[in-house]
Amino acid sequence: MNSKTARRSFHLMAKPTGPLCNIRCEYCFYLSKEAMFPGKKNRADFTMPDNVLEKYVRSYIESQPPGTRELMFSWQGGEPSLLPRSFFEKALQFQQRYARPGMQISNALQTNGIRINREWAQWLSEHKFLTGISIDGPEELHNRYRKDRQGRGTFSQVMAGLENLKAAGAEFNTLTVVQNHNAEHPRRVYNFLKSAGSQFMQFIPIVEPGIGKRTVSAQQWGRFLNEVFDTWAAADIGRVFVQHFDMLLGLHAGYPSSLCTHAVTCGNAMAIEHDGSVFSCDHFVFPENYLGNILDDSLADMAESPLQQRFGAGKKDKLPLKCQSCAYLKLCGGGCPKNRLLDAPGGKLNWLCDGWYAVYEHTEPYFQAMMRALQARLPASEFRRFFIPSPAQKARLGRNDPCPCLSGRKYKACHGQSR
């Protein structure tokens, strides 16, 4: 029995089907992980066995620090819906069996949506799973890289799965991979997702090893997020939630980053494979980041092992000089280590650095105004009452230009009025 607890809470994402998937997205970084499991060829080989499932659920719960009140189980892949619902029913039974008194356990399933028929959707709704649907925008943008095994676009199948979730009343959010193609259409992507019923959006930039052809450039990423921000801030604050913007508002308020990518250090979000192997991170499933196997090793020991501590601290310890002197380091944390690909004095610079800088610079006056609204016990959507254009905005504004507060009025009739 593993009863040792870690000193701090941690997240452990599960890959219950390993890298197996029913489609072939061109930018997928996980399909190649099949090579790490030689001799495994079919779905049964990559299905998490019952003994591993039970040990995962039990150890994940028991390893959390005393006083942990909430715990999220995240099921990803590959494609986790390749598993029968009976697999997840067993997981729920184990969660109920091992949950601490008063502990609230929740589940999230990330899926391409293709296998989410009416029965699946109803089951997910009944068992209160948060379902993440991967969709890259309207049909032409989505189908550019998200294809099936025959090279055909998957948009219509994904949308059918999404409609099934909506009909069942299931809670869902959307995950959009931003690559070199759809990055050129930020407002179109945002407005499509909103029209599809998404009220919770995640945007993930694609940065391929070796800077592959699908990689989003730093400039594209900055423009994409800034245009999405302007569209969102103009009318949707409090109605639509965008993960990056929620995080940035929290950072401006002085809270720690809600995303590991912007935290000071990382290493607090590990990944477990179908066979019980545990790795430092979902993006670092490599032999050198192998921490142990849950069947043989203490999960708390793996989370606090010297290897994992070095991995987590490396994010801060290996910051290049440009990052160390950056005015926005407190918002950025150097970004995700997997994207530190550019040679720079003192270390490796994040590929998306210039894009993130543009986002922080552009959004700063808006988040500061939102903070002033919240401090006045008003909703963040009332930020215009407290908005102060930045010096850079004022320098390039004409009196007849649109006001930067996004009210739709001319600057001279809004924040440009003489006071």
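Parameters and conventions
- Residues numbered from 1 in each chain as written.
- Predicted model: local features only at pLDDT ≥ 70, side-chain atom pairs only at ≥ 80, totals over all residues.
- Heavy atoms only, no water.
- Salt bridge = Lys/Arg side-chain N within 4 Å of Asp/Glu carboxyl O.
- Helix = DSSP H or I, 4+ residues; strand = E, 2+ residues; numbered from the N terminus.
- Buried < 20%, exposed > 50% of the residue type's maximum accessible area, 1.4 Å probe, protein only.
- Contact = heavy atoms within 4.5 Å.
- 1 Å grid on protein atoms, 1.4 Å probe; cavity = no way out; pocket = protein on both sides within 12 Å on 5 of 7 lines; lining within 4 Å.
- Points joined across faces, edges and corners; volume = space filled by probe spheres on them.
- Nonpolar A, V, L, I, M, F, W, Y, C, P; charged D, E, K, R; others polar.
- Phe/Tyr/Trp six-rings, centres within 6.5 Å; stacked < 30°, edge-to-face > 60°.
- Lys NZ or Arg CZ within 6 Å of the ring centre and 35° of its normal.

Chemist: Would you explain the pattern of salt bridges in this entry?
Modeler: Where charged atoms of side chains with opposite charge meet at close range, the side chains can pair. Under the definition given, this model contains 18 salt bridges. Across the pair lysine 4 and aspartate 301 runs a salt bridge whose closest N-O atoms are separated by 2.3 Å. Residue lysine 4 is found in the segment before strand S1 (11-14), and its partner aspartate 301 is found in helix H9 (residues 299-303); the two are separated by 297 residues along the sequence. With a closest N to O distance of 3.0 Å, glutamate 382 and arginine 385 form a salt bridge. Residue classification places glutamate 382 among the partly exposed positions, given a relative accessible area of 28%. When its relative accessible area of 59% is taken as the criterion, arginine 385 is described as exposed. One network of salt bridges, with partners in common, ties together Glu26, Glu208 and Arg214.

Chemist: Would you mind showing me how to read the side chain of asparagine 182 here?
Modeler: Structurally, asparagine 182 is set in the loop between strand S5 (172-178) and helix H6 (186-195). The contact partners of asparagine 182, leaving out residues within four places of it in the chain, are Asp136, Leu141, Thr176, Val177, Val189 and Phe224.

Chemist: In this structure, what is going on with the layout of surface pockets? I would like to understand it.
Modeler: Unfilled space is identified by rolling a water-sized probe across the atoms. Reported here for the second largest pocket is a volume of approximately 250 Å³. Lining of the second largest pocket is provided by Cys266, Phe284, Asn289, Arg310, Phe311, Gly314, Lys315, Lys318, Pro337, Arg340 and Lys348. Residue contributions to the lining of the second largest pocket peak at 4 residues, all from helix H10 (residues 306-317). Here the residues of the lining of the second largest pocket sort into 4 nonpolar, 2 polar and 5 charged.

Chemist: Whenever I open this one, the packing of aromatic side chains confuses me. Can you help?
Modeler: Aromatic rings considered in pairs are described by the distance between their centres and by the relative angle of their planes. Scanning the model with the defined rule gives 35 aromatic pairs in all. Taking the centre distance of 6.1 Å and the plane angle of 85° together, the rings of phenylalanine 37 and phenylalanine 46 count as edge-to-face. Overall, phenylalanine 37 belongs to the buried group, its relative accessible area being 8%. Both rings, one in tyrosine 328 and one in tyrosine 360, keep their centres 5.7 Å apart while their planes meet at 45°; by these two values the pair is tilted. Here the residue tyrosine 328 occupies a position in the loop between helix H11 (321-324) and helix H12 (329-332), and tyrosine 360 occupies one in helix H13 (residues 353-375), the gap between them amounting to 32 residues. Aromatic rings pair up to connect Phe10, Tyr56, Tyr60, Phe73, Trp75, Phe87, Phe88, Trp120, Trp123 and Phe129 into one cluster. Its end group placed over the ring of tyrosine 30, lysine 15 keeps NZ or CZ at 4.0 Å from the ring centre. Of note, arginine 85 hangs over the ring of tryptophan 120, and the distance from its end group to the ring centre comes to 5.7 Å.

Chemist: Would you mind showing me how to read the environment of lysine 322 here?
Modeler: Along the chain, lysine 322 falls in helix H11. The spatial distance from the C-alpha of lysine 322 to the C-alpha of glycine 347 is 9.2 Å, given a sequence separation of 25 residues. Those residues in contact with lysine 322 that sit more than four places away from it in its chain are Leu349, Cys353 and Asp354.

Chemist: What am I meant to see in unusual backbone geometry here?
Modeler: Among all residues except glycine, the phi angle is most often negative; among peptide bonds, the trans geometry is most common. For the bond from glycine 77 to glycine 78, the omega torsion is 10°, close enough to zero to count as cis. At arginine 377, a position not held by glycine, the phi torsion is positive, near 60°. Counting through the fold element by element, arginine 377 comes out in the loop between H13 and helix H14 (391-396). Phi at leucine 406 takes a positive value of approximately 70°, unusual for a residue other than glycine. With respect to the secondary-structure elements, leucine 406 resides in the segment after H14.

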